[in-house]
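Structural description and commentary
If you want the building blocks of each chain, they are given just below.
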2 protein chains.
Amino acid sequence: MIRFVVIGHRAVTTGDFKLDDISGGAGRLDVLVRCVNSAFFLSHSIRTNVELFLVLTGGSDAPKTVRFAGSELKYLNPDERSTSSLIRNALLKKVGSEEIRSSPGVYISRRSFSDMIEQLRGMPIIYLKEDGTDARDFAFPDNAVIVLGDDRDLTEEEEAAVMKCGPSKISLGPLSLHADHCIIVAHNEMDRQRGT
Amino acid sequence: MIRFVVIGHRAVTTGDFKLDDISGGAGRLDVLVRCVNSAFFLSHSIRTNVELFLVLTGGSDAPKTVRFAGSELKYLNPDERSTSSLIRNALLKKVGSEEIRSSPGVYISRRSFSDMIEQLRGMPIIYLKEDGTDARDFAFPDNAVIVLGDDRDLTEEEEAAVMKCGPSKISLGPLSLHADHCIIVAHNEMDRQRGT
């Protein structure tokens, strides 16, 4: 299993946004839905060995975490609008203290980023940073958990929480890339290392 | 300069489509706008050394080619909807035998794929194919022209036209990827080779 955790620093946590305005009114939700595309899509199939956590920390009902489970996903299409709709449906659900299912493979909970880190502690955490070890010189472990920000870096507090887990700091190349592009490059390296 | 040529096999050539329906009514224009994102966006800037040609071969006014020139681009945002709007504006222009400018860095012409190949002949053409040489074992030349299909492979006729140019057949990894993901992986390899 490969897990990605992406923090949406302004991403809305209520379902009252317009699908025409995911970049503006929905707090750069466009960045996050592109991460969904990057995490799961192969040319003719879905990566069933991937789980993606979108930690939404904006809006009036924060925090919430939308979890996409590759092995169960249905109704996922590559375009931004339809994925935004899946997320909006999840945000429209009434959610209490337990995670609930919104649609096949899409779950919603009130987990915060520190809840996520707590849950993932003990797994091999990989923190994508420009000054990290080159991904090509790093043996990606099974059950890797890859942590990254949306269009903003992790806050000092978020970074401190990650660093407490003793993560591997990994760089993907000489240029700083969008989060969804980072996921593609990381997948390519892991695909090559596994030889799948 | 790095050039990408992407063939949109069903992509519309008139501007009368809805921005809410780029995957359906616009003939998988969503694939092409994701290629625009992949070709140009860095974390905090635009790749000014890139030119992207979207060859649209669907709809009632085919063929048309939309050219994005990285060094001149303005008003490009990463989300699918706004890029689709730039393309729609280009398709709404009345275009004769000459290429015309639609907006800063966005041009439209009636060039077909074979016109494009004719124009690019003599440049080092790279054809992305699963059975090609591994990109990591290939020295990407200056002025590379990278040719790829949208969600469909090149037709036999298109492939024959490319093969006449004596292209380098290059593979990006063990799995077959979406066109926009291929562009990301190719950029990463070229970035590393240039050490930029």
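Up top is the structure.
Conventions and cut-offs
Residues numbered from 1 in each chain as written. Chains lettered and ligands numbered in written order. Predicted model: local features only at pLDDT ≥ 70, side-chain atom pairs only at ≥ 80, totals over all residues. Heavy atoms only, no water. Axes fitted to C-alpha atoms, helices over the stretch in contact; angles between N-to-C directions. Helix = DSSP H or I, 4+ residues; strand = E, 2+ residues; numbered from the N terminus. Parallel < 35°, antiparallel > 145°, perpendicular 65-115°, else oblique. Contact = heavy atoms within 4.5 Å. Nonpolar A, V, L, I, M, F, W, Y, C, P; charged D, E, K, R; others polar. Pairing = 2+ DSSP bridges. Core = buried A, V, L, I, M, F, W, Y, C linked by side-chain atoms within 4.5 Å. Buried < 20%, exposed > 50% of the residue type's maximum accessible area, 1.4 Å probe, protein only.

1. Quick look at the packing of helix H5 (residues 179–194) of chain A against helix H5 (residues 179–194) of chain B
Any two packed helices are characterised by how steeply their axes cross, that is the angle between the axes, and by the distance between the axes. Contact geometry of H5 of chain A with H5 of chain B gives a least axis separation of 9 Å together with a crossing angle of 75°. It follows that H5 of chain A is roughly perpendicular to H5 of chain B by the angle criterion. Here H5 of chain A contributes His181, Ile184, Val185 and Asn188 of chain A to the contact with H5 of chain B, which in turn contributes His181, Ile184, Val185 and Asn188 of chain B. Its residues assigned to classes, the contact of H5 of chain A with H5 of chain B shows 4 nonpolar, 4 polar and no charged.

2. Section: the sheet that holds strand S5 (residues 106–109) of chain A
Residue and element names in this part refer to chain A. In space, the 8 strands of this open sheet follow the order S4-S5-S3-S2-S1-S7-S6-S8, with mixed pairing throughout. Edge positions in the sheet fall to strand S4 (100–103) and strand S8 (168–171), since each of these pairs with one other strand and no more. Shown here is a sheet whose adjacent strand axes are inclined to one another by a mean of 30°, direction ignored. With 4 bridges joining them, strand S3 (residues 64–69) and S5 adopt antiparallel strand pairing. Each residue of the ladder has a partner; that of Thr65, found in S5, is Ser109.

3. A look at the nonpolar core
Judged by nonpolar contacts, the single largest core of 104 residues is most densely connected at Phe4, Leu54 and Phe68 of chain A together with Phe4, Leu54 and Phe68 of chain B. Setting aside anything within four residues of it in sequence, one finds Phe4 of chain B in contact with Ala39, Val50, Glu51, Leu52, Phe53, Ile146, Leu148, Ile183, His187 and Met190 of chain B. Counting 15 residues, the second largest nonpolar core, distinct from the first, contains Ile117, Leu120, Val145 and Val162 of chain B.

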